[in-house]
Amino acid sequence: EAQVTQNPRYLITVTGKKLTVTCSQNMNHEYMSWYRQDPGLGLRQIYYSMNVEVTDKGDVPEGYKVSRKEKRNFPLILESPSPNQTSLYFCASSPLDRGVPDTQYFGPGTRLTVL
Amino acid sequence: QKEVEQDPGPLSVPEGAIVSLNCTYSNSAFQYFMWYRQYSRKGPELLMYTYSSGNKEDGRFTAQVDKSSKYISLFIRDSQPSDSATYLCASSSNTGKLIFGQGTTLQAKP
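Everything numeric in this text was worked out from a predicted model, so none of it was measured. (Residues numbered from 1 in each chain as written. Chains lettered and ligands numbered in written order. Predicted model: local features only at pLDDT ≥ 70, side-chain atom pairs only at ≥ 80, totals over all residues. Heavy atoms only, no water.)

Participant: What is the right way to look at unusual backbone geometry in this model?
Facilitator: Most of the time, phi is negative for any residue but glycine, and the peptide bond is trans. Of note, the amide linkage connecting Asn-7 of chain A to Pro-8 of chain A takes the cis form, showing an omega dihedral of -5°. For Pro-8 of chain A, the position within the fold is in the loop between strand E1 (4–7) and strand E2 (10–13). Of note, Asn-28 of chain A is a non-glycine position whose phi angle comes to about 60°, a positive value. For Asn-28 of chain A, a relative accessible area of 55% puts it in the exposed group. Despite not being glycine, Lys-70 of chain B has its phi angle at roughly 55°, a positive value. Mapped onto the elements of the fold, Lys-70 of chain B is located in the loop between strand E7 (61–66) and strand E8 (71–76). (Helix = DSSP H or I, 4+ residues; strand = E, 2+ residues; numbered from the N terminus. Buried < 20%, exposed > 50% of the residue type's maximum accessible area, 1.4 Å probe, protein only.)

Participant: Would you explain the interface of chain A and chain B in this entry?
Facilitator: The parts lose accessible area when they come together, and the size of an interface is often stated as this lost area. In this complex, chain A contributes 24 residues to the contact, which on the side of chain B involves 22 residues. Summed over both partners, the interface of chain A with chain B comes to about 1800 Å²; 55% of that surface belongs to carbon and sulfur atoms. By the criterion of area lost to chain B, the three top residues of chain A are Leu-43, Arg-98 and Val-100 of chain A, representing 26% of everything that side buries. In this structure, Asp-59 of chain A engages Lys-97 of chain B in a salt bridge whose closest nitrogen and oxygen atoms are separated by 3.9 Å. The interface formed by chain A and chain B includes 5 residue pairs in polar contact (both at pLDDT 80 or more). Mapped onto the side of chain A that touches chain B, the elements with two or more residues apiece are strand E4 (31–38), strand E5 (42–51) and strand E11 (100–101) of chain A. Here the side of chain A that touches chain B takes 5 residues from E5 of chain A, the largest share from any one element. Classifying every residue of the side of chain A that touches chain B gives 10 nonpolar, 9 polar and 5 charged. (Contact = heavy atoms within 4.5 Å. Buried area = accessible area lost by both parts, 1.4 Å probe. Salt bridge = Lys/Arg side-chain N within 4 Å of Asp/Glu carboxyl O. Polar contact = N/O pair within 3.5 Å; in protein donor to acceptor, adjacent residues only side chain to side chain. Nonpolar A, V, L, I, M, F, W, Y, C, P; charged D, E, K, R; others polar.)

Okay, structure coming up:
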């Protein structure tokens, strides 16, 4: 089954404790991206990757890191989480059409709480 | 000012109504426009994708882009209770950076 998987689905942690949220896709998509979703603010892009070893900042990259060592995986790293990073996080992957991710497939989401 | 603005609603309509959802954007470089639907506790799913100006129709859904006024619309004909969801517009130039609107919550009541 074609899908984007994220782990963990739920995470409660404390300020400053490094964490990684994994994202994996089995559709051989070039493009992958991370978003956070907050009430009243909609979906905001954190980082995206157009291909292996190519990553770029989205709208809200501060406090996050990513890596794209393999095509299928795109982990999101919070080196020192803070309470304002409490949010619902989505990973997405897409084929590229004329360099644009035209059909993003989203994962199920990771609900993160930072105390 | 956000690059993509969307009225969050909520919008409540009777079953069978025609629904109009709208967004405005400010970046003239945007050429690609998308509409996503998100059910509660789920990830967004793509509904419509359009390039540049014009209309695109898919079943009961029609997406419309007016680049002269920087206006994006999604029309839903014969709305059904199953259309109750949050609808998100998104725009992009020819990069991988996507800007989403805040989302509009729609409730189609039987």
